[in-house]
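# Reading the structure
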Amino acid sequence: MKVSRLAIIGLGSIGRRHLRLISELRPDIEVVVVRSGNGPYSKDEKLASKIFSSVSEAIKFGVEAAIISSPATFHLQQSIEFAKHGVHLLIEKPLSHSVDGVEELLKAQKDHNIVAMVGYVLRYDIGARKFKEWLTDNKIGKILHARIECGSYLPDWRPDQDYRKTVSALSELGGGVLLELSHEIDYLHWFFGKPINIQAQIINSMALDINVEDQADLLIKSEQGYPILVQIDFNRRHVKRECSVITTEGEMTWNAVKKKVIWKPINGEEQDFDYTSKGDDKYKKQLKQFIECIENGAKPHVSIMDGIKTLKLIDAAREASKNSTKVFL
């Protein structure tokens, strides 16, 4: 089928990005927006043909696809309503704020045979894909240890807003470092496979005057038996997004900030992969794939089940931290 009408739910920063990019990539698609009206007016609204106040209005209008970019606590409810009417879905990360209710979405997806994918956009990053490719190369040897770090300063994310009133800082809207930086949890599964168990320390340092956790340290055992250390936070003044592995043959690192993948063998010449990409590039690839899945039957890079795996690991981390114990998955 050819997509002719698409709805964007929520017009925060990510919703505005999707609206702009869809208008550039596929001007033949009529885009409508569903928004609560609580946020400020945006000039990007002019790119939409219609503004609705409810999902039901968009369904009645006849949209074939929808991008769910509202706060995480609304994702499942809105997605299920669309899915039950046969509307294809790109659901912004995270899939939801917890795993409760995900089975209903899976059932609706199956019953109505719709495309449904989750917006973990780092899967489309050139460096991430190169790192994933090199992980399967025998030359790197056996992985002994993996480390994932991601940190930046929350007040710098949206400098034109009071960060304490944004989705990222409000528990009732699905905020907190685990959900907001769950890209790292998603690509952990993609790079290293199914985790076996997890220990965690999740805290609110109180440094930011917010009511959600602002840092988390996770220690995970991979299915291959090696440890994976994950450190994520909202407090770091020097932005870092990096994944590295220590192996029997050397060390490999993907630095998403410097846009570089480096392999340092014990013996031999260092191998560097430098790449360039603009801020919109990953999102364009994701949107193109979403449309390709609907129109030509391509398989999504990030399925609903992938989104569920991420939520289950986050829930396990919360349990492990709360009870100071190891949780088996």
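To keep things clear, this report deals only with the structure shown in the data block. None of the values given here were measured: they were computed from a predicted structure. (Residues numbered from 1 in each chain as written. Predicted model: local features only at pLDDT ≥ 70, side-chain atom pairs only at ≥ 80, totals over all residues. Heavy atoms only, no water.)

## Describing helix H1 (residues 13-25)
Compared with the 18 Å implied by 1.5 Å per residue over 13 residues, the 18 Å span of H1 between its first and last C-alpha is a close match. Of the positions making up H1, those classed as buried are Ile 14, Gly 15, His 18, Leu 19, Leu 21 and Ile 22. Where the residues of H1 are buried, they touch strand E1 (5-9), strand E2 (30-34), strand E4 (65-68), strand E5 (88-92) and helix H8 (281-296). (Helix = DSSP H or I, 4+ residues; strand = E, 2+ residues; numbered from the N terminus. Expected span 1.5 Å × (residues − 1). Buried < 20%, exposed > 50% of the residue type's maximum accessible area, 1.4 Å probe, protein only. Contact = heavy atoms within 4.5 Å.)

## What to know about the sheet that holds strand E12 (residues 250-255)
What links the strands of a sheet is backbone hydrogen bonding, and the strands pair in either a parallel or an antiparallel sense. Taken together, nine strands build an open sheet; the order of strands is E14-E13-E12-E11-E7-E10-E9-E8-E15 and the sheet is mixed. Looking at strand neighbours, the two that pair on one side only are strand E14 (271-274) and strand E15 (327-328), the edges of this open sheet. Sheet analysis places strand E8 (residues 195-203) next to E15, joined by two bridges and oriented antiparallel. Paired with Ile 198 across the strands is Val 327, a residue of E15. Helix-sheet contacts for helix H5 (residues 126-135) involve strand E7 (143-153), strand E11 (235-247), E12, strand E13 (260-265) and E14, and the interaxial angle to E12 is about 160°. (Pairing = 2+ DSSP bridges. Axes fitted to C-alpha atoms, helices over the stretch in contact; angles between N-to-C directions.)

## A look at the pattern of salt bridges
Where charged atoms from two side chains of opposite charge come close, those side chains can pair. In the structure shown here, the tally under the stated rule is 24 salt bridges. One salt bridge connects Asp 162 with Arg 164, and the closest N-O pair in it is separated by 3.1 Å. By relative accessible area, which is 37% here, Arg 164 ends up partly exposed. One salt-bridge network, held together by shared partners, links Arg 147, Glu 149, Asp 233, Arg 236 and Lys 240. (Salt bridge = Lys/Arg side-chain N within 4 Å of Asp/Glu carboxyl O.)

## As for the pairing of E4
A two-sided burial pattern is seen for E4, the buried positions comprising Ala 65 and Ile 67 on one face and Ala 66 and Ile 68 on the other. Direction of pairing for E1 relative to E4: parallel, over a ladder of four bridges. Bridge assignment links Ile 8 to a residue of E4, and that residue is Ile 67. Pairing geometry for E4 and E5, over four bridges, is parallel. What sits directly across from Ile 68, in E5, is Ile 91.

## Some points on the nonpolar core
Of all hydrophobic cores here, the largest spans 84 residues; its most connected members are Phe 82, Leu 89, Phe 191, Phe 192, Leu 218 and Trp 254. In terms of residue count, the dominant contributor to this core is helix H9 (residues 304-323) (eight residues). Excluding residues that lie within four positions of it along the chain, Phe 192 makes contacts with Leu 135, Ile 143, Ala 146, Ile 148, Ser 222, Glu 223, Gln 224, Tyr 226, Ile 228, Cys 243 and Val 245. Listed in part, the 25 residues of the second largest apolar core include Ile 14, Ala 48, Ile 67 and Ile 294. (Core = buried A, V, L, I, M, F, W, Y, C linked by side-chain atoms within 4.5 Å.)

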